[in-house]
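In case you want the letters, here they are:
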Amino acid sequence: MNTQEQAIASTVAKLQSLFGPAPEVAVVLGSGWAGAVSHVERAQSLPYTDLPAFPQPKVEGHVNEIVVGQIGAQRVVMLRGRAHTYESGDCTGMAGALRSLKRWGVKVLLQTNASGSLRAHTPPGSLMLIADHINAPQRSPLIGEPGSERFVDMSTAYDAELRGHAKKVAQAQNLKLGEGVYVWALGPQFETPAEIRMFAAWGADAVGMSTVPETILARHAGLRVMGIALMTNMAAGLSAEALTHALTLQQAQASGESAAKFLAQVIAGLAELPSLRA
């Protein structure tokens, strides 16, 4: 058993001993989404430092703990922090965590993030359902993985049934929910206006520095994936505003309450999906 396998085995054993059977749903909370934790009932938390397979990110705005509990009839585990490739150059930072969740028994990964908008119809404060993504750096967290399973089909990376569910929730709440393509830029520097024009020409609707490596890892592990992006700014060259991390956090916080409420409604409704009870 290699080092990561040992870490995963230890992590799963701890999760099972503390929380019992796994929730069907796991959520990665990106910048601006922390308020979703307030919707979790009977919440129990555990720091990443107690879970050997979990990363130790050092990004402002990330708490680095899991929260396990209930939203409506749906049990859920929330991850309050993710490893970003720009921290170390390694895009496998979330591998141990996601593989541990899958082995524990999680079925669905809901990803959230803060993004820059490339489209005028999704201004700051808007939500966009991720229909597909572009891996601009062309880095893969599966490099070095053995076997034919590493050749993961990404043609339906973002689950159609889960997206349809989110759309129905938004419609019921009279909430405008966009849908589009997310492009992963490595960072940590923000993109140039020329890069944004290139991404727009490629068909991207939003840009950010996360999510894609986790989606690849999740699909490799056999998890179903849904992604929701919170627009915190217009991308470089599309407004006169200078882009900073502080501005991203500030604008994410301003829109975070409504985003978190919507996310909680989406999670609660998942308890009614027959495919999750199978």
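As shown above, the structure is provided for reference.
J.: I'm lost on the pattern of salt bridges in this one. Help?
T.: When their charged atoms lie close together, side chains carrying opposite charge are able to pair. All chains considered together, the criterion is met by nine salt bridges. A salt bridge links Asp159 to Arg224; its shortest N-O distance comes to 2.9 Å. Of this pair, Asp159 sits in the loop between β6 (127–135) and α4 (160–172) while Arg224 sits in strand β9 (residues 224–234), and the two are 65 residues apart along the sequence. In this structure Asp159 comes out as buried when scored by relative accessible area, which is 16%. One network of salt bridges, with partners in common, ties together Asp159, Glu161 and Arg224.

J.: Explain the packing of helix α1 (residues 3–19) against helix α3 (residues 95–104) to me, please; I cannot follow it from the model alone.
T.: When two helices pack together, their arrangement is given by the angle between the helix axes and the distance between those axes. At a minimum axis distance of 9 Å, the contact between α1 and α3 shows a crossing angle of 50°. Relative to α3, α1 is oriented oblique. Between α1 and α3 the crossing geometry is right-handed. Contact with α1, carried on its side by Gln4, Glu5, Ile8, Thr11, Val12, Leu15, Gln16 and Phe19, involves Ala95, Gly96, Arg99, Ser100, Arg103 and Trp104 of α3 and no other residues of that element. Each residue belonging to the contact of α1 with α3 can be placed in one class, and the counts come to six nonpolar, five polar and three charged.

J.: How do you make sense of the nonpolar core when you look at a structure like this?
T.: It is characteristic of soluble globular proteins that their nonpolar side chains tend to be buried jointly. The biggest cluster of nonpolar side chains holds 43 residues, and the ones touching the most others in it are Phe54, Ile66, Val77, Leu79, Leu101, Trp104 and Val106. Setting aside chain neighbours within four positions, we find Val106 in contact with Ala22, Pro23, Glu24, Val25, Ala26, Val77, Leu101 and Leu223.

J.: Would you mind showing me how to read unusual backbone geometry here?
T.: Both trends apply: most residues other than glycine have a negative phi, and most peptide bonds are in trans. Of the consecutive residues Gly187 and Pro188, the connecting peptide bond is found in the cis state with omega at 5°. With a phi angle near 50°, Gln138 is a residue other than glycine that sits in the positive phi range. Secondary-structure assignment places Gln138 in the loop between β6 and α4. Backbone geometry places Thr211, a non-glycine residue, at a positive phi of 75°. With respect to the helices and strands, Thr211 occurs in the loop between β8 (206–208) and α6 (212–221). On the accessibility criterion, Thr211 (0% relative accessible area) is buried.

J.: Just checking my understanding: could you explain the environment of Glu145 for this structure?
T.: As for its placement among the helices and strands, Glu145 is situated in the loop between β6 and α4. When neighbours within four sequence positions are excluded, Glu145 is seen to be in contact with Arg99, Arg150 and His220.

J.: For this particular structure, what's the right way to read α6?
T.: Each α-helix turn comprises 3.6 residues. Residues three or four places apart therefore point the same way. With respect to burial, α6 is a largely interior element, seven of its 10 residues being buried. Where α6 is buried, its residues touch α2 (85–88), α3, β5 (108–117), β6, β7 (177–184) and β9. One or two steps after α6, the chain reaches Gly222, where phi turns positive at roughly 95°.

Rules behind the numbers
Residues numbered from 1 in each chain as written. Predicted model: local features only at pLDDT ≥ 70, side-chain atom pairs only at ≥ 80, totals over all residues. Heavy atoms only, no water. Salt bridge = Lys/Arg side-chain N within 4 Å of Asp/Glu carboxyl O. Helix = DSSP H or I, 4+ residues; strand = E, 2+ residues; numbered from the N terminus. Buried < 20%, exposed > 50% of the residue type's maximum accessible area, 1.4 Å probe, protein only. Axes fitted to C-alpha atoms, helices over the stretch in contact; angles between N-to-C directions. Parallel < 35°, antiparallel > 145°, perpendicular 65-115°, else oblique. Left-handed = near helix turned anticlockwise from the far one by under 90°. Contact = heavy atoms within 4.5 Å. Nonpolar A, V, L, I, M, F, W, Y, C, P; charged D, E, K, R; others polar. Core = buried A, V, L, I, M, F, W, Y, C linked by side-chain atoms within 4.5 Å.

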